[in-house]
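# Survey of secondary and tertiary structure
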Amino acid sequence: SDPLVVDAILKVLRERYEDAKICLVENDATATDADILFSYLGIRQVAERYNARTVNLADTKWIPKHIDGYHFRTIEVPEMLEQCDLLINHPKLKTHSITKMTCGLKNYFGCYRRRKKVSLHKFLDEAIADINMALRSDIVIVDANVCMEGLGGPTYGRPKRLGWFIAGKDIVSVDSFCAHVMGFNPYFVGHIRKAARRGLGETEF
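Presented here is a report on the structure given in the accompanying data block. (Residues numbered from 1 in each chain as written. Predicted model: local features only at pLDDT ≥ 70, side-chain atom pairs only at ≥ 80, totals over all residues. Heavy atoms only, no water.)

In this structure, histidine 90 sits in the loop between β5 (88–89) and β6 (92–96). For histidine 90, a relative accessible area of 16% puts it in the buried group. A polar contact of 2.9 Å, which involves the side chain of histidine 90, links it to the backbone oxygen of isoleucine 141. Here histidine 90 is in contact with Ser1, Val5, Val6, Ile9, Asn107, Ile141 and Asp143, once residues within four sequence places are set aside. (Helix = DSSP H or I, 4+ residues; strand = E, 2+ residues; numbered from the N terminus. Buried < 20%, exposed > 50% of the residue type's maximum accessible area, 1.4 Å probe, protein only. Polar contact = N/O pair within 3.5 Å; in protein donor to acceptor, adjacent residues only side chain to side chain. Contact = heavy atoms within 4.5 Å.)

Where helix α6 (residues 124–134) contacts helix α8 (residues 190–197), the two axes come as close as 8 Å, and the packing angle between them is 45 degrees. Comparing their axes, α8 and α6 come out oblique. Pair α6 / α8 crosses with right-handed handedness. Between α6 and α8, the residues in contact are Asp125, Glu126, Ile128 and Ala129 and Gly190, His191, Lys194 and Ala195, respectively. Looking at the contact of α6 with α8 residue by residue, the classes come out as 3 nonpolar, 2 polar and 3 charged. (Axes fitted to C-alpha atoms, helices over the stretch in contact; angles between N-to-C directions. Parallel < 35°, antiparallel > 145°, perpendicular 65-115°, else oblique. Left-handed = near helix turned anticlockwise from the far one by under 90°. Nonpolar A, V, L, I, M, F, W, Y, C, P; charged D, E, K, R; others polar.)

Let's shift gears to the environment of alanine 195. Locating alanine 195 in the fold gives a position in helix α8. For alanine 195, a relative accessible area of 0% puts it in the buried group. For the pair formed by alanine 195 and alanine 129, sequence separation is 66 residues and the distance between their alpha carbons is 4.9 Å. Among residues more than four places away in sequence, those in contact with alanine 195 are Leu105, Ala129, Val172, Leu200 and Gly201.

For the coordinates displayed, the defined rule picks out 5 aromatic pairs. Judged by centre distance (6.4 Å) and plane angle (25 degrees), the ring pair of tryptophan 164 and phenylalanine 177 falls under stacked. Here phenylalanine 177 lies in helix α7 (residues 171–182) and tryptophan 164 lies in strand β9 (residues 158–168), a separation of 13 residues in the sequence. Consider the rings of tyrosine 187 and phenylalanine 188, whose centres lie 5.2 Å apart with planes at 90 degrees: the pair is edge-to-face. Look at tyrosine 187 and you get partly exposed, because its relative accessible area is 46%. Connected via pairs of aromatic rings, a cluster forms that spans Phe72, Phe109, Tyr112 and Phe123. (Phe/Tyr/Trp six-rings, centres within 6.5 Å; stacked < 30°, edge-to-face > 60°.)

Moving on, we get to the nonpolar core. Ile75, Leu93, Met101, Tyr112, Val142 and Cys178 are the most contacted members of the largest nonpolar core, which has 39 residues in total. For this core, the secondary structure elements donating two or more residues are β4 (74–78), α6, β8 (139–149), α7 and α8. Apart from the residues within four sequence positions on either side, methionine 101 is in contact with Leu93, Lys94, Thr95, His96, Asp175, Cys178, Ala179, Met182, Phe184, Val189, His191 and Ile192. Leu24, Phe38, Val46 and Ala47 belong to the second largest nonpolar core, which has 15 residues in total. (Core = buried A, V, L, I, M, F, W, Y, C linked by side-chain atoms within 4.5 Å.)

What follows is the structure, encoded as structure tokens:
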């Protein structure tokens, strides 16, 4: 996440919800420590400016959630995400070498508890749909200001300035719109199609 964009979102939230408990969350991944990222990117300093806090989900309590998924019937999810009053999904728009694109739906892939998530790549589209059955966003705010394009995404690629911010309550609809913006037919983006088939949203926008 871009610290400048996070700053703007926190400013609006704090002005509207003066006494709210606001948390910025991330989870550890194969080669990523969320606590290091919070400090390295300046996210922790931004959070402190608005009396918010950063939370590494790996250090919190997780609870089982039963779903009718493509691959899973039960998924562990962070308890704090089940208890919050407003859950904002804040992805950055990028291409992806396996899934074509990464946006709101793919952003929740990081919420699988296991640190080494590469084992899920064998059924990645289904895994993305399944985690979105377990965790539902109240709103998605996509940072499409400076995006990334190219075959090496999301880690390697070319920056592309679009200058947009895209938001909505229907995560499938938001991702479908973003797919069109990137030149993809959302039907041929596997995790979007599978999420829509499970009733997580509409591909129309």
